[in-house]
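Take a look at the letters that make up each chain.
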Amino acid sequence: MENEAIEELLQAYAVGDVSEVEAERVEAALDDSPRLREELARYERLFVLLVAAAEEEVKVPRDLRARIVWRVAVTAYLNSAAELAGGLLGAYVRALIYYLRLA
């Protein structure tokens, strides 16, 4: 049970977000467990990568807004056209059935 509690604290410990008492518990568990030390090393590497990714500037294409609006408009147009075509086709089929006296 204690190891599970320590495992839950490892992420917070890796970024220094634990109380002194919790830090002491984690450090004592780390002294006794190579598996926990390895897990802590993984978290530390992950946080280094996350910090590096967060510092990287994200460049949004200038025409992104226009492309999104265009896609929404085209999708709406195509959906409307499909409904209209379906409605017309249905009307023609019903007229054909009536004309051929199949109904």
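Please refer to the structure placed before this passage.
Let me sum up the structure you'll find in this document. (Residues numbered from 1 in each chain as written. Predicted model: local features only at pLDDT ≥ 70, side-chain atom pairs only at ≥ 80, totals over all residues. Heavy atoms only, no water.)

A short note on the overall build of the chain
Summing up its helical and strand segments, the chain has 4 helices and 0 strands in all. Ordered by position from the N terminus, the helices and strands of the chain form the series α-α-α-α. Compactness check: the chain gives a C-alpha radius of gyration of 31 Å against a globular reference of 13 Å for 103 residues, more than 25% above the reference. Taken along its principal axes, the extent of the C-alpha atoms in the chain is 90 × 40 × 20 Å. When the 103 residues of the chain are sorted by exposure, 12% land in the buried category. By sequence separation, contacts in the chain at least 24 residues apart represent 41% of the contacts at least 6 residues apart. Of the roughly 9,000 Å² of accessible surface on the chain, 59% is carried by carbon and sulfur atoms. (Helix = DSSP H or I, 4+ residues; strand = E, 2+ residues; numbered from the N terminus. Rg over C-alpha atoms; globule rule 2.2 N^0.38 Å. Buried < 20%, exposed > 50% of the residue type's maximum accessible area, 1.4 Å probe, protein only. Contact = heavy atoms within 4.5 Å. Areas by Shrake-Rupley, 256 points an atom, 1.4 Å probe, with all protein chains shown as cover.)

Quick notes on the pattern of salt bridges
Taken as a whole and assessed by the stated rule, the structure comprises 4 salt bridges. In this structure, the salt-bridge partner of Arg35 is Glu7, at a minimum N-O distance of 2.5 Å. You can see Arg35 sitting in helix 3 (residues 34–55) and its partner Glu7 sitting in helix 1 (residues 2–14), a full 28 residues away along the chain. By relative accessible area, Glu7 is classed as partly exposed at 33%. With its nearest N and O atoms 3.5 Å apart, the salt bridge here joins Asp63 to Arg67. Given a relative accessible area of 39%, Asp63 falls into the partly exposed group. Arg67 gets classed as partly exposed once you look at its relative accessible area, which sits at 43%. In the salt-bridge network here, residues are joined through shared partners; they are Glu38, Glu39 and Arg42. (Salt bridge = Lys/Arg side-chain N within 4 Å of Asp/Glu carboxyl O.)

Everything listed here is a matter of geometry and, on its own, says nothing about what the molecule does.
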